[in-house]
Amino acid sequence: MSAAQARQSGNTTYLELSQENGSAHKFYEVTVEGTSVSVRYGRIGVDGQRQTSSFPTVEKAQAAAAKKITEKVRKGYAPAIRGQRAARSVTRRQVTSAPSTARATAPVLWRFRTGASAFGIHVDEDRCWVGNQHGDVYNLSHDGEVLAHYSLPDGVKCLVADDFWIYAGCDDGRVYDLSAKVPFAAYDIASEVDIFWLDIHAGVLNVSDRSGGLTVIDHEDELQWSRNSSGEHGWMVRADGRAVYHGHGDGVTAYAADGARQLWHTRTSGDVLFGWQEEDAVYAGTARQVVQRLAKSTGVVEASYRCDAAVYSCATSPGGRYVFAGDSASSVYCFTADGTRLWKLGTGGGSALSMQYLDDRLYLVSTDGSLACVDASEAAIKAAQSGTVPVAADIKLAAALPTYAPLTTAASVATVSAVPSAGGGVVVECFEQGGRVRVRVVSEGYEPSWNVQFPRAIRQPGERYVVDALHSSEGGFYRVRGEIRRLV
């Protein structure tokens, strides 16, 4: 099919790439208005991202549009009628939450209500992050002060960290980098998988999905390898430099980091509903009321941690000294490394769908959409077991809280007219290579062969940008820190 055969409405050409097996489900729309060419693209059923470019003449604008359409047609896109095809379904995790049977409630120091059920959590030395199914991500201090609000286009499946970069995996099929001053889509996997969970290691994205598939994508959003495990509903994926650990309905399967072979497979006691990892072990929380610790080297089950209901989440203190679990009956547990239960307490706010431990505090996100900070110190737990708990502070949003939305067009980026002086920023350049627009460093002092992980929504060949800073990453590429400005 030629570009001329593409379906047009006035000056707009609308194409879709959709396959019945679900491996692709996206659209591409080009509109020419005088010397301006606008492109809209994304997953069928959503508004998508937009880019607008200007050209010296009408003829050059039309030629540029024709080139874009031709490239898409060659890749299998075909003319379509907008709205005729239903949006690709998105799987929301269905959970139930019963009241806790524990006789005492956990010592919650503060609680922040996000307004929707929340799965995403990340806690580091500096701050806490929580993301909910409305697409809201909040950044808080360890004392509960809300510092920033990120408004993403769709529900947040999970939050993960790679060094000090924070990523949010969303129902729109994109993974957003929240580490720059304004968030941007770093990976686009909408057409490939129905995301259940993800992990990132050294810039390599590992995605587990509804059908039990595992997809591995590099920092340039290019597929590295994929596998189908023996079970469905992959609610666990963890990765390190040696392997990727995939938890699903039939247990946990480990694959070599390069995807060359399966290392081991272990059937767990029930479907895997959550996963955690330490240096030498992975932890699988299961539907049959148990967390199991598996050796990374062999897959052997080294210990089991018995709860009283299906396990929705788990975490450990450093080195696995203590193991924590949250169940479907709004309870949270603590065990010693060998499996001895130390305590069980009610959460006071629904079942914990995700959790993380740091410095004697256990952070939980729950079915009622709350992020709660629990004092997990020995003294606080003993007091709670005897019925003495602090009054939890109810955290409120500040009236002037800044809200950040992702970059969607070049027009939304601030501009500068001069190359910065030494120490004032780094210049990067968009260029075309192998049919893709990539980004490389122009400023001196950087490895010229390395590419930059950069917002796709603002990439145009020949465009130059100034970023506050670039940091090198394992795997041979740079990541952006700070503000992005277009050099004009």
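Coordinates for the structure precede this section.
Residues numbered from 1 in each chain as written. Predicted model: local features only at pLDDT ≥ 70, side-chain atom pairs only at ≥ 80, totals over all residues. Heavy atoms only, no water.

Is there a simple way to explain helix α1 (residues 58-74) in this structure?
Residues that lie three or four places apart on an α-helix share one face, since the helix turns once every 3.6 residues. End to end, α1 covers 24 Å across 17 residues, agreeing with the expected 24 Å (1.5 Å per residue, within 8%). Every buried residue belonging to α1 is among Ala61, Ala64, Ala65, Lys68, Ile69, Lys72 and Val73, and all of these are buried. Once α1 finishes, glycine 76 follows within two positions and takes phi at roughly 110 degrees, a positive value. (Helix = DSSP H or I, 4+ residues; strand = E, 2+ residues; numbered from the N terminus. Expected span 1.5 Å × (residues − 1). Buried < 20%, exposed > 50% of the residue type's maximum accessible area, 1.4 Å probe, protein only.)

Mind showing me how you'd approach the side chain of threonine 114 here?
As for its position among the elements, threonine 114 is in the loop between β7 (108-113) and β8 (118-123). Judged by its relative accessible area of 8%, threonine 114 is buried. There is a polar contact of 3.0 Å between the side chain of threonine 114 and the backbone oxygen of alanine 116. Among the polar contacts made by the side chain of threonine 114, one reaches the main-chain carbonyl oxygen of glycine 369 at a distance of 2.7 Å. (Polar contact = N/O pair within 3.5 Å; in protein donor to acceptor, adjacent residues only side chain to side chain.)

What is the right way to read a negative patch on the surface from this model?
A cluster of acidic residues, Glu125, Asp126, Asp359 and Asp360, forms a negative patch at the surface. Mapped onto the elements, aspartate 126 comes out in the loop between β8 and β9 (128-132). Residue aspartate 126 is classed as exposed on the basis of its relative accessible area, which comes to 60%. (Patch = residues over 30% accessible without salt bridge, like charges linked within 9 Å, V, L, I, M, F, W, Y side chains within 5 Å. Areas by Shrake-Rupley, 256 points an atom, 1.4 Å probe, with all protein chains shown as cover. Salt bridge = Lys/Arg side-chain N within 4 Å of Asp/Glu carboxyl O. Lys, Arg positive; Asp, Glu negative; His and termini not counted. Charge placed at Lys NZ, Arg CZ, Asp CG, Glu CD.)

Looking at this structure, how should I read the sheet that holds β9?
Think of a sheet as strands paired side by side through backbone hydrogen bonds, with each pair either parallel or antiparallel. Strand order in the open sheet formed by five strands is β8-β9-β10-β11-β36, and the pairing between neighbours is mixed. Every interior strand has two partners, whereas the edge strands, β8 and β36 (403-404), have only one. Pairing between β8 and β9: five bridges, direction antiparallel. Directly across from histidine 122, in β9, lies its bridge partner tryptophan 129. (Pairing = 2+ DSSP bridges.)

Quick question: what am I supposed to make of the pattern of salt bridges here?
Any two side chains of opposite charge can pair, given that their charged atoms come close. Using the criterion set out here, one finds 24 salt bridges in the structure. Between aspartate 368 and arginine 113 there is a salt bridge, with the nearest N and O atoms lying 3.9 Å from each other. Linking aspartate 368 in the loop between β33 (361-366) and β34 (370-375) with arginine 113 in strand β7, this pair joins segments that are 255 residues apart in sequence. Residue aspartate 368 is classed as partly exposed on the basis of its relative accessible area of 35%.

Everything listed here is a matter of geometry and, on its own, says nothing about what the molecule does.
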